[in-house]
Amino acid sequence: MNDEVIRELWSIKDAMAQEHGHDVRSLAAYLQGKKRWECPRQSSGHSTFEISSDGPGQRLFNTTKEEVDDYIKEERASWDR
């Protein structure tokens, strides 16, 4: 790819980031045409899964962590058979 194209893409990305205060949630809300969603937790001690689960309509799958862990254990056990 041409360096000129890459420079132009980066300048567009930088302009968009600056326009939205370097806030990915603000940018996402703008792109989705929605109001900015505020995270109820302001500390950084939470996983991405926990943060995304708090937002309305943010969960794509309804599988629990325990169900995923059980499935992985069963899969690994089947490898040894």
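About the criteria used
- Residues numbered from 1 in each chain as written.
- Predicted model: local features only at pLDDT ≥ 70, side-chain atom pairs only at ≥ 80, totals over all residues.
- Heavy atoms only, no water.
- Helix = DSSP H or I, 4+ residues; strand = E, 2+ residues; numbered from the N terminus.
- Buried < 20%, exposed > 50% of the residue type's maximum accessible area, 1.4 Å probe, protein only.
- Areas by Shrake-Rupley, 256 points an atom, 1.4 Å probe, with all protein chains shown as cover.
- Expected span 1.5 Å × (residues − 1).
- Salt bridge = Lys/Arg side-chain N within 4 Å of Asp/Glu carboxyl O.
- Patch = residues over 30% accessible without salt bridge, like charges linked within 9 Å, V, L, I, M, F, W, Y side chains within 5 Å.
- Lys, Arg positive; Asp, Glu negative; His and termini not counted.
- Charge placed at Lys NZ, Arg CZ, Asp CG, Glu CD.

Draft legend 1. Molecular detail of the overall build of the protein chain. A tally of helices and strands in the protein chain yields four helices and zero strands. Its helices and strands in sequence order give the protein chain the pattern α-α-α-α, from N to C terminus. Put simply, the protein chain has 81 residues, and 7% of those count as buried. Per element, the accessible surface of the protein chain, about 7400 Å² overall, is 54% carbon and sulfur.

Draft legend 2. Summary view of helix H1 (residues 3–19). An ideal rise of 1.5 Å per residue puts 24 Å on 17 residues; H1 measures up with 24 Å between its terminal C-alpha atoms. In the stretch just after H1, Gly21 is the one whose phi turns positive, near 65 degrees.

Draft legend 3. Main features of the pattern of salt bridges. Taken as a whole, this structure holds two salt bridges when the rule is applied. Here Lys13 and Asp14 are joined by a salt bridge, their closest N and O atoms 2.5 Å apart. On the basis of relative accessible area, Lys13 is assigned to the partly exposed category, the value being 38%. Note that Lys65 and Asp69 form a salt bridge whose closest N and O atoms lie 2.9 Å from each other. Here Lys65 pairs with Asp69, and both are found in helix H4 (residues 65–79), just four residues apart, close to one helical turn. Here Lys65 falls in the exposed class, since its relative accessible area comes to 54%.

Draft legend 4. Fine view of a negative patch on the surface. Side chains of Glu66, Glu67, Asp70, Glu74 and Glu75 sit close together on the surface and give a patch of like negative charge. Mapped onto the elements of the fold, Glu75 is located in helix H4.

Bear in mind that shape data such as this cannot, by itself, settle questions of function.
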